[in-house]
Amino acid sequence: MALSDLFTRRPAAPAPTPPTEAPEPRAWPEIGETWKPEGLPVAERYYNQAHAVVLVASTGHTPYGTTYYLVACLGCHFLSTRTKYHDSHIQYTLTTAAGAANDHAATCRALPRELPARPGESEARRLLHSWVRTMPRRRDLQYTDFDVHDLDSGRLELQRTNEWIQTELEALAIEESGLLSARTGERTDTVRFRILPQLPAARTAGH
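Residues numbered from 1 in each chain as written. Predicted model: local features only at pLDDT ≥ 70, side-chain atom pairs only at ≥ 80, totals over all residues. Heavy atoms only, no water.

### Some details on the confidence of the model for the chain
- Mean pLDDT over the chain stands at 81; residues scoring 70 or higher make up 75%.
- When the elements of the chain are averaged for pLDDT, helix H1 (residues 3–6) gives the smallest value, 47, and helix H2 (residues 94–107) the largest, 96.
- Every residue in residues 202–207 is under pLDDT 50, and counting partners more than four places away or in other chains gives zero contacts. (pLDDT = per-residue confidence, 0-100. Helix = DSSP H or I, 4+ residues; strand = E, 2+ residues; numbered from the N terminus. Contact = heavy atoms within 4.5 Å.)

The structure is reproduced here in structure tokens:
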């Protein structure tokens with residue numbers, strides 16, 4: 001070794017890097033926190049025991065200014081649009097919807113699920129038409145009157161505005177006038193729909 005090598009300055013060794021602290025355990029992702037399904041403005045959000053979101057969303061309002069809501073859990077399949085009172089079903093106000101959402105969130109332990117996918121136009125139209133066609137089989141009546149808010153239980157699946165639903169139903173009433181009719185209320189501009197009674201299919205000759 002050369003003598004000069006003994007006096008050569010060498011850079012000091014870098015100080016050891018302190019160990020990085022382990023990251024905090026992450027909570028379940030807040031699925032639905034910024035999700036805005038079309039036609040369903042979210043008014044309030046609650047979290048169940050596993051941090052799944054329970055939504056309170058508006059489904060529109062009446063001509064008199066009353067706004068209706070639904071409650072939907074994005075962890076389990078809980079969905080509610082009405083409360084029963086004195087043997088009649090009443091659509092949720094914000095207060096009653098918030099109470100139902102809070103009660104469900106306090107006991108539900110379902111983990112967050114993926115957000116419902118928004119169907120395409122043809123699929124949404126097929127869903128809407130299928131609901132209309134199955135209504136007479138769900139109710140033992142000669143005919144069935146309904147409006148857009150009677151379809152609230154399917155709104156999370158449909159993800160369309162009231163205007164879209166009404167336009168599609170009016171078009172269906174024109175295309176299949178023997179199945180569905182549409183009329184505007186006498187006192188309000190609300191459009192009501194009526195599923196018309198269906199005649200029994202003619203029997204085959206000889207039977």
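### Quick word on the state of the cysteines
- In total, this model carries zero disulfides according to the counting rule given.
- The structure places no disulfide on Cys108, whose sulfur is separated from the nearest cysteine sulfur, that of Cys76, by 3.9 Å.
- With a relative accessible area of 8%, Cys108 lands in the buried category. (Disulfide = S-S within 2.5 Å. Buried < 20%, exposed > 50% of the residue type's maximum accessible area, 1.4 Å probe, protein only.)

### Things to note about the nonpolar core
- Judged by nonpolar contacts, the single largest core of 20 residues is most densely connected at Phe146, Ile165, Leu169 and Leu180.
- Contributing elements (two or more residues each) for this core: helix H3 (121–138), helix H5 (162–175) and strand S9 (191–195).
- Broken down by element, the residue count for this core peaks at six residues, all from H3.
- The next biggest cluster of nonpolar side chains, apart from the first, holds 15 residues, and it includes Val54, Val56, Ala101 and Cys108. (Core = buried A, V, L, I, M, F, W, Y, C linked by side-chain atoms within 4.5 Å.)

### Comments concerning the sheet that holds strand S8 (residues 180–184)
- Taken in spatial order, the three strands of this open sheet run S7-S9-S8, and their pairing is antiparallel. Every interior strand has two partners, whereas the edge strands, strand S7 (144–146) and S8, have only one. Pairs of neighbouring strands in the sheet enclose a mean axial angle of 25 degrees, with direction left out of account. (Pairing = 2+ DSSP bridges. Axes fitted to C-alpha atoms, helices over the stretch in contact; angles between N-to-C directions.)

### Concerning unusual backbone geometry
- Within the chain, His51 stands out as a residue other than glycine whose phi angle is a positive 75 degrees.
- If you trace the backbone, His51 turns up in the loop between strand S1 (42–47) and strand S2 (53–61).
- Notably, Gln159 is not glycine yet its phi reads approximately 55 degrees, a positive angle.
- Inspection of the secondary structure puts Gln159 in the loop between helix H4 (155–158) and H5.

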